[in-house]
Structures are given as structure tokens and as C-alpha cells.
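Summary of the model geometry
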Amino acid sequence: EASDAQEDGPRDIVADKDAVIARIVTRAGVPQIVAGDEVKKGDTLVVGRIDIIDDSGETVDYNYTKSDADIYGYTSYTYSDSFPLTYQKKQNTGNETKRYGMEFGEHLFRIPWKSPGYETCDKATEYLQLNLFSDFYLPVTLCVDTYSEYETKTCHYSKEEAKKEAKAHFLNYLKKFNEKDIQILEKNVMIDVNEKNCSVSGTVKTCEKIGTYVRTKEIESPADERPNTDELE
């Protein structure tokens, strides 16, 4: 997880989703990709291991660091949605009943004590704590329950209504990208309405920050792997 960057020890950055690299700005670590590269989820993007090269061009040791980079990639999301043209809609009857109550600590009294006998209804409650002065509140709370009766009516979307509803669903889906600061580059969807259902399918192409942190694999120094020539003489 990205939060692992706060832990001690060297860190690599790996792709957390499939993408085509749009741009990369590296502050620490060794980048393994450039703009235009196609990467898969799990591919290493920046390594937290730095080779130390001698004058002959050979690796003699390694330095380790916490990789730090801003990496943006072009990504694609598949969108699909489907809903029936027949649906249930709440319709208020206009009947409304109020019930009043008073709370003393954990004790509650309501008048009338029975709730109204509506088969289906919405309930809303308002509370008011009593006070003698502006900053001296009594341990007594007044409450008012309002019950609004409704009936359930079976409705049917027309073709145009179904398309409008489908577009509303899609716009709500796009809000999630805006909330995550994901740039939407292109969106293509197709709406199909038959006798019973409305179906939507398509893709959303985006540009977003990618990458998550994993611990860098530390390997043995090349100097430690070389034989001790003094012992061989």
C-alpha cells in the first residue's frame, strides 16, 4: 500500500493498475519506465536500489533509498449499467400524523404512545433541548415525530425517460473520478432500450496518478561475492 512509504527501509514503486505512462517526475530512486511505456499491475516503476559503479563500469555496491516520484498514466475503465423500465415509486397520500414526546435521561414518553396505523409511511423526528438561560440546558428534550403516509405506485419509463435516467446514473458515476482528482480524457457510452430494460455500456479514458509502494529487495554486495585472493595464494 502507498502508506508503506511512511515505514523505515527502502521502497520500490510498482504499478497498482494497467496503464500507459503519461509522464514521470522522479525525486528518489531509479526509474524503470519512460513516457509511452505500457505497464501492467505489479510492474516495477521505480527501484529503491541504486548501483554504485567503479571506473571500469562494474557494479561494486548498492545504495538503498525510499523511492519518491510522481507518476501519471493513461488508464481505461469499463462502464456498464442496466435497469428495468418498470419501477416502484413512492407517492404521498397527503395524510400526516404528529406524535409528541419528552425525554428525561434514558426515559422516553410519547403522546399518543402508539404510532399511527399507516401501512407505509416516512418518519421524521425533530428534537429541542430545554434551557433556562442561553448556556444552561435542562436534562429534558422535547421531540416531535411526523409520520407521512405514502403509497407505492408502479410506473413505467418511456424510452426518452429511460435514456435520461441512464445519463443521470452515468454522471453520478463520473463524479467519483472528480472526487479522486482523476482527469477524464474521453468517455464513450451506448444506451440500448428494449421493451423491458435499459442497458448502458462503454468506456471512460482517464489520466491519473498511479503507483503503490513495496519494500525493495536487498541483495548481496558484488564485493562480498568476489573470492578473497589472499586466501587463494
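Refer to the structure presented above.
This structure is a prediction, so every number in the text was calculated from the model and none was measured. (Residues numbered from 1 in each chain as written. Predicted model: local features only at pLDDT ≥ 70, side-chain atom pairs only at ≥ 80, totals over all residues. Heavy atoms only, no water.)

1. Brief notes about the sheet that holds strand E12 (residues 136-156)
Spelled out, the test is: Between any two strands, pairing holds if DSSP finds at least two bridges. Going along the chain from the N terminus, every DSSP run of H or I of four or more residues is numbered as a helix, and every run of E of two or more is numbered as a strand. Throughout, an axis means a line fitted to C-alpha atoms (over the contacting stretch in the case of helices), and angles, computed between N-to-C directions, take values from 0 to 180 degrees.
What the four strands build is an open sheet, ordered E10-E9-E12-E11; its pairing is antiparallel. Two strands lie at the open edges of the sheet, namely strand E10 (107-111) and strand E11 (121-133), each paired on one side alone. Recorded for the sheet is a direction-independent mean angle of 30 degrees between the axes of neighbouring strands. Relative to E12, strand E9 (residues 86-104) runs antiparallel, the two being bridged by 16 bridges. In the strand pairing of E12, tyrosine 100 is matched with valine 144.

2. Concerning the nonpolar core
What counts is decided by this rule: Joining through side-chain atoms within 4.5 Å is the link that ties buried Ala, Val, Leu, Ile, Met, Phe, Trp, Tyr and Cys residues into a set, and such a set is a nonpolar core. Residue exposure (1.4 Å probe, protein chains only): buried if accessible area is under 20% of the type maximum, exposed if over 50%, otherwise partly exposed. Residues count as neighbours in contact if any of their non-hydrogen atoms are within 4.5 Å of one another.
Residues Ala162, Tyr173 and Cys198 are the most contacted members of the largest nonpolar core, which totals 15 residues. Per-element accounting of this core gives the leading share, six residues, to helix H1 (residues 159-179). Not counting chain neighbours up to four residues away, the residues in contact with alanine 162 comprise Phe83, Leu85, Tyr157, Val193 and Cys198. Listed in part, the 12 residues of the second largest apolar core include Ile13, Ile21, Leu45 and Ile210.

3. Notes on the pairing of strand E13 (residues 183-193)
Bridge count between E13 and strand E14 (residues 197-209): 10 bridges; the pairing is antiparallel. Looking at E14, one finds that isoleucine 184 is bridged to threonine 206. Between the antiparallel neighbours E13 and E14 lie three residues.

4. Some details on the state of the cysteines
To keep it simple, the criterion reads: Counting rule for disulfides: a pair of cysteine sulfur atoms within 2.5 Å.
Tallied over the entire structure, the rule returns zero disulfides. Not part of a disulfide, cysteine 155 finds its nearest cysteine sulfur in cysteine 198, a span of 16 Å. Of the residues examined, cysteine 155 reaches a relative accessible area of 14% and is grouped as buried.

5. Some points on the packing of aromatic side chains
Applied cut-off: Stacked, tilted and edge-to-face pairs are distinguished by plane angle, under 30 degrees for stacked and over 60 for edge-to-face with tilted covering the rest, among Phe, Tyr and Trp rings (Trp via its six-membered ring) whose centres lie within 6.5 Å.
Taken as a whole, this structure holds seven aromatic pairs when the rule is applied. Ring geometry for tyrosine 79 against phenylalanine 170: centres 4.9 Å apart, planes inclined by 65 degrees, an arrangement best described as edge-to-face. Taken together, the residues span a long stretch of sequence, with tyrosine 79 in strand E8 (residues 68-84) and phenylalanine 170 in helix H1 at a distance of 91 residues. Judged on exposure class, the residue tyrosine 79 and its partner phenylalanine 170 are both buried. Look at tyrosine 79 and tyrosine 173: their rings are 4.7 Å apart centre to centre, the planes differ by 50 degrees, and that puts the pair in the tilted class. Remark: tyrosine 173 occurs in helix H1 and tyrosine 79 occurs in strand E8; sequence separation between them is 94 residues. You'll find tyrosine 79 and tyrosine 173 in the same group, each marked buried.

6. As for the side chain of threonine 141
Within the element layout of this structure, threonine 141 appears in strand E12. Setting aside residues up to four positions removed in sequence, threonine 141 forms contacts with Gly101, Met102, Glu103, Tyr127, Leu128 and Gln129.

7. Digging into the pattern of salt bridges
Where we set the bar: What makes a salt bridge here is a side-chain nitrogen of Lys or Arg within 4 Å of a carboxyl oxygen of Asp or Glu, nothing more.
For the structure shown, the criterion picks out eight salt bridges. Put simply, arginine 27 and aspartate 68 hold a salt bridge, and the shortest N to O gap is 3.0 Å. With arginine 27 in strand E2 (residues 19-28) and aspartate 68 in strand E8, this pair connects stretches of sequence that are 41 residues apart. We classify arginine 27 as partly exposed; its relative accessible area is 48%. Classification of aspartate 68 by relative accessible area gives partly exposed; the value is 29%. Ionic pairing is found between aspartate 122 and lysine 90, a salt bridge with its closest N-O pair at 3.0 Å. Remark: lysine 90 occurs in strand E9 and aspartate 122 occurs in strand E11; sequence separation between them is 32 residues. Aspartate 122 sits in the partly exposed class, given a relative accessible area of 34%. With relative accessibility at 48%, the residue lysine 90 sits in the partly exposed group. One salt-bridge network, held together by shared partners, links Arg27, Asp68, Asp70 and Lys209.

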